[in-house]
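Here is how the chains run, residue by residue.
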Amino acid sequence: MEDIIRQFNLVPHPEGGFFREIYRSRQHVWSDAASADRAASTHIYFLLPKGQVSRFHRVIHDEIWHIYQGDPLRLIQFDGTCVMETSIGRGCSDYTAVVPAGVWQAAATTGTHTLAGCTVAPGFDFTDFSFLADHPVDLERFNFLVTGLHAFI
């Protein structure tokens, strides 16, 4: 894992795993969701090693996951009323998945590690990011619907 972290110059991400932003568009667009200008798109490398999870979080714009190497990624989405799970990567039906704007998401590798890319459009800004654990109403709804996924909170 250390070789991947060094090769791509990754740093710890607040939700878990490691990341590095590799692209931020110089073009800006108005985001109604943010009530502000945002880069047209952003892209990061994101590494999830075994034993770490991407904790439930959401962003206010669409996010596209792309798998580059390693084991399939387990991606969990919670839209406030139901939980959907999919796996993407080698041996799965797809190498990409879209998480719509405002949907809670969490992820984990299904093996030793997963190196993914995440594209957000309009672009990602940490002010547009929040954890499920910080939203009591949605967290209560999630806890009512789901058992066995609390390691992702």
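Rules of the game
- Residues numbered from 1 in each chain as written.
- Predicted model: local features only at pLDDT ≥ 70, side-chain atom pairs only at ≥ 80, totals over all residues.
- Heavy atoms only, no water.
- Phe/Tyr/Trp six-rings, centres within 6.5 Å; stacked < 30°, edge-to-face > 60°.
- Helix = DSSP H or I, 4+ residues; strand = E, 2+ residues; numbered from the N terminus.
- Buried < 20%, exposed > 50% of the residue type's maximum accessible area, 1.4 Å probe, protein only.
- Salt bridge = Lys/Arg side-chain N within 4 Å of Asp/Glu carboxyl O.
- Core = buried A, V, L, I, M, F, W, Y, C linked by side-chain atoms within 4.5 Å.
- Contact = heavy atoms within 4.5 Å.

J.: Account for the packing of aromatic side chains, naming residues and giving values.
T.: Tallying each qualifying case throughout the model produces 10 aromatic pairs. Measuring from centroid to centroid gives 5.2 Å for phenylalanine 78 and phenylalanine 142, while their planes differ by 70°, and the two rings are edge-to-face. Of this pair, phenylalanine 78 sits in strand β8 (residues 73-78) while phenylalanine 142 sits in helix α2 (residues 136-145), placing them 64 residues apart in sequence. For the pair phenylalanine 78 and phenylalanine 142, one class covers both residues: buried. Centre to centre, the rings of phenylalanine 126 and phenylalanine 129 are 5.6 Å apart; their planes meet at 70°, and the pair counts as edge-to-face. Using a relative accessible area of 42% as the deciding quantity, one classes phenylalanine 126 as partly exposed. Each member of the aromatic cluster is reached from another via a ring pair, and the members are Phe56, Phe78, Phe142 and Phe152.

J.: Which residues make up the pattern of salt bridges, and what values do they have?
T.: Evaluated as defined, the whole model comprises 6 salt bridges. When the shortest N-O distance is used, the salt bridge between aspartate 138 and arginine 58 registers 3.5 Å. Taken together, the positions of aspartate 138 in helix α2 and arginine 58 in strand β6 (residues 53-59) put the pair 80 residues apart, joining distant regions of the chain. Look at arginine 58 and you get partly exposed, because its relative accessible area is 22%. The partner of aspartate 138 in a salt bridge is arginine 141, with the nearest N and O atoms 3.1 Å apart. With aspartate 138 and arginine 141 both in helix α2 and 3 residues apart, this pair spans about one turn of that helix. Where salt bridges share partners, they join Arg58, Asp138 and Arg141 into one cluster.

J.: Lay out the nonpolar core with the relevant residues and their values.
T.: Nonpolar side chains in soluble globular proteins generally cluster together in the buried interior. If you look at the biggest cluster of nonpolar residues, it comprises 15 residues, and the most contacted ones within it are Phe46, Trp65, Leu73, Leu75, Ile88 and Ala107. Those elements that place two or more of their residues in this core are β5 (42-49), β7 (62-70), β8, β10 (96-99) and β12 (113-121). Residue contributions to this core peak at 3 residues, all from β5. If we ignore the near neighbours within four places in the chain, the residues touching leucine 73 are Leu48, Trp65, Ile67, Thr86, Ser87, Ile88, Ala107, Ala108, Thr109, Thr110 and Thr114. One finds Ile76, Ala108, Phe142 and Val146 within the second-largest nonpolar core, a separate group that totals 12 residues.

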